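Below, each chain spelled out in residue letters.
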Amino acid sequence: LFSAVEMAPRDPILGLNEAFNADTRSHKVNLGVGVYFTEEGRIPLLRAVAEAEKARIEAHAPRGYLPIEGIAAYDSAVQKLLFGADSALLAEGRVVTTQAVGGTGALKTGADFLKRLLPNAVVAISDPSWENHRALFESAGFPVQNYRYYDAATNGVNRAGLLEDLQNLPARSVVVLHACCHNPTGVDLSLDDWKAVLEVLREREHVPFLDIAYQGFGEGIDQDAFAVRLFAESGLPFFVSSSFSKSFSLYGERVGALSIVTASKEEAGRVLSQAKRVIRTNYSNPPTHGATVVANVLNSPELRTLWEEELGEMRQRIRDMRLAMVEQLAAQGAKRDFSFVARQRGMFSYSGLTAEQVERLKNEFAIYAVGTGRICVAALNRSNLDAVTKAIVQVL
Ligand code: LMR
């Protein structure tokens with residue numbers, strides 16, 4: 001049966017973790033996967049999370065099956081975080097939200113549902129995009145194309161190319177957009193760019209799929225939801241995949257959500273029934289622990305304030321590391337101007353390092369980064385920064 005099965009390539013991001021874990025060099029640094037580490041180099045357990053977990057354990061809560069769409073208090077907390085507590089759409093009952101197995105699970109549920117709705121559609125993703133976007137939509141059966149996005153010459157957005165490519169896609173394409181903290185580039189659309197993009201999507205009847213995995217890591221919780229709220233006002237139907245992996249430091253708990261904006265409460269009921277079919281045939285119903293913790297934090301005024309403080313600390317530490325990295329690279333004698341790193345948002349920097357340079361970083365210095373030159377700034381700290389910047393200057 002398996003004699004002709006070929007060896008699949010390692011995953012470009014999670015495969016790096018496997019290689020990193022197997023590396024025996026004690027000075028190794030993992031700048032590959034998008035995970036926030038503290039100044040001490042540890043994945044934090046947020047205090048707000050620890051408190052909610054303690055209360056949950058003490059309550060000896062039973063672990064029955066959840067509803068297919070997940071915990072109601074969680075789904076509604078997600079909606080408020082994304083659309084705003086006073087959203088008219090929420091008041092009208094037009095948004096369907098289902099708990100998902102991480103942001104990836106939300107994308108997959110959305111992709112499978114869209115395949116039934118628009119079997120012949122093309123899916124368009126940014127060039128570049130998170131590596132798993134293409135793989136995921138292709139595995140749901142869609143042809144996947146790129147639209148122009150990143151401009152290496154300016155380290156900014158290629159606005160004209162982006163709008164032209166969206167215009168030229170077949171009508172009713174599915175367009176995947178990073179709502180904030182673009183992965184991998186860290187380069188986001190301006191408010192004005194978002195408005196221009198929205199107009200093309202409306203004109204071409206494209207279906208927007210906003211992916212928001214880093215809410216709170218850019219400017220703040222509400223500011224980072226700008227695109228979601230702009231689209232909410234547009235009257236268009238759209239999809240949102242969201243995740244608490246990063247913002248709650250709950251990576252392994254797989255806590256995400258899929259939200260679908262519909263035209264009416266009645267439509268929402270029908271859409272929910274179909275989303276539930278997709279979930280039931282994939283994994284039946286979601287897990288309890290992470291979503292309960294997140295719901296309890298978001299729905300408790302004290303824990304929510306604590307969480308927002310902790311999220312703010314993570315955001316600020318990443319910004320500090322961006323500035324420190326730019327300074328250190330210049331101090332180590334880098335010939336290239338790296339000031340763009342300080343302007344990028346979220347966990348990543350698209351450093352401009354080539355695949356060969358990334359390979360040298362790994363082989364010669366035990367520093368792991370994604371082959372595209374993406375580095376996770378959230379894994380830098382005062383103890384590893386010197387070694388990392390020295391190594392980058394060496395391989396340049
Ligand atoms: C990343 O981009 O590194 C993260 O989103 C983790 C992942 O699943 O790829």
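Cut-offs used in this document
Residues numbered from 1 in each chain as written. Predicted model: local features only at pLDDT ≥ 70, side-chain atom pairs only at ≥ 80, totals over all residues. Helix = DSSP H or I, 4+ residues; strand = E, 2+ residues; numbered from the N terminus. Expected span 1.5 Å × (residues − 1). Buried ≥ 20, exposed ≤ 12 C-beta atoms within 10 Å, placed from the backbone. Contact = placed C-beta atoms within 7 Å. Near = placed C-beta within 6 Å. Nonpolar A, V, L, I, M, F, W, Y, C, P; charged D, E, K, R; others polar. UniProt positions renumbered as here; feature names shortened; annotations may be inferred. Domains from an automatic or database assignment. pLDDT = per-residue confidence, 0-100. Pairing = 2+ DSSP bridges. Axes fitted to C-alpha atoms, helices over the stretch in contact; angles between N-to-C directions.

Peer 1: Would you explain helix H5 (residues 102-117) in this entry?
Peer 2: Given 3.6 residues to a turn, an α-helix orients residues that are three or four positions apart in the same direction. An ideal rise of 1.5 Å per residue puts 22 Å on 16 residues; H5 measures up with 23 Å between its terminal C-alpha atoms. With 12 of 16 residues buried, H5 is to be regarded as a mostly interior element. Listing the buried residues of H5 in full gives Gly102, Gly103, Thr104, Gly105, Ala106, Leu107, Lys108, Thr109, Gly110, Ala111, Phe113 and Leu114.

Peer 1: It is not clear to me how the environment of threonine 372 should be interpreted in this structure. Could you clarify?
Peer 2: By the secondary structure assignment, threonine 372 is in the loop between strand E12 (367-368) and strand E13 (374-376). Given 17 C-beta atoms within a 10 Å radius, threonine 372 is considered partly exposed. Apart from the residues lying within four places of it in its own chain, the contact partners of threonine 372 are Pro128 and Pro184.

Peer 1: What is the right way to look at the site of the ligand in this model?
Peer 2: In the vicinity of the ligand, the contacting residues are Ile13, Val33, Gly34, Trp130, Asn132 and Asn183. Partitioning the shell around the ligand into residue classes produces 3 nonpolar, 3 polar and no charged.

Peer 1: Hey, could you run me through the UniProt feature "domain: Aminotransferase class I/classII large" (unreviewed entry) in the protein in this one?
Peer 2: As annotated in UniProt, the feature "domain: Aminotransferase class I/classII large" (unreviewed entry) corresponds to residues 27-392 in the numbering used here. Counted over residues 27-392, helix gives 47% and strand 15%. Its end C-alpha atoms are 15 Å apart.

Peer 1: Looking at this model, I keep getting lost on the domain arrangement of the protein. Mind explaining?
Peer 2: Buried accessible area, meaning the area lost when the parts come together, often serves as the stated size of an interface. Splitting the protein by domain gives domain 1 (14-44 + 308-395) and domain 2 (66-299). A straight line from the C-alpha centre of domain 1 to that of domain 2 covers 27 Å. Between domain 1 and domain 2, the residue contacts involve 20 residues of the former and 20 residues of the latter. Secondary-structure elements contributing two or more residues to the side of domain 1 that touches domain 2 are helix H13 (301-331) and strand E11 (348-350). Considering each element in turn, the side of domain 1 that touches domain 2 owes the most residues, 4 residues, to H13. Classifying every residue of the side of domain 1 that touches domain 2 by side-chain character gives 11 nonpolar, 5 polar and 4 charged.

Peer 1: What am I meant to see in the environment of threonine 98 here?
Peer 2: Tracing the sequence through the fold places threonine 98 in strand E2 (residues 95-101). In this structure, the C-alpha to C-alpha distance between threonine 98 and alanine 55, residues 43 residues apart in sequence, is 25 Å. Apart from residues lying up to four places away in sequence, threonine 98 is in contact with Glu69, Gly70, Asp75, Thr109, Ala257, Leu258, Ala275 and Ile279.

Peer 1: Could you clarify how one ought to interpret the confidence of the model for the protein in this entry?
Peer 2: When pLDDT drops low, the exact placement of atoms in the prediction is not to be read closely. When pLDDT is averaged along the protein, the result is 97; 100% of the residues meet or exceed 70. Both confidence scores are given for the complex: pTM 0.97, ipTM 0.95.

Peer 1: How should I be thinking about unusual backbone geometry in this particular structure?
Peer 2: Most peptide bonds are trans, and most residues other than glycine sit at a negative phi. Between aspartate 127 and proline 128 the backbone carries a cis peptide bond, its omega angle lying at 5°. Here proline 128 shows up in the loop between strand E3 (123-127) and helix H6 (131-139). Note the cis peptide between asparagine 183 and proline 184, where omega equals 25°. Along the chain, proline 184 turns up in the loop between strand E7 (174-178) and helix H8 (191-204).

Peer 1: I tried to follow the sheet that holds strand E4 (residues 144-148) on my own but got confused; where do I start?
Peer 2: Either a parallel or an antiparallel arrangement is found when strands of a sheet pair, and the pairing is made through backbone hydrogen bonds. Pairing is mixed across the open sheet formed by 7 strands, whose spatial order is E2-E10-E9-E8-E7-E3-E4. Sheet topology places E2 and E4 at the edges, where each strand pairs with a single neighbour. In this sheet, neighbouring strand axes are inclined to one another by 25° on average, regardless of whether the strands run parallel or antiparallel. Contacts from helix H3 (residues 72-83) reach E2, strand E9 (238-243) and strand E10 (255-261), with the element oriented near 110° to E2.

Peer 1: Is there a simple way to explain the pairing of E3 in this structure?
Peer 2: The side chains of a regular strand alternate between the sheet's two faces. E3 sits mainly inside the fold: 4 of its 5 residues count as buried. Looking at chain direction, E3 and E4 are connected through 5 bridges and run parallel. Bridge assignment links valine 123 to a residue of E4, and that residue is valine 144. Sheet topology note: the E3/E7 ladder contains 2 bridges and is parallel. Bridge pairing links alanine 124 to valine 175 in E7.

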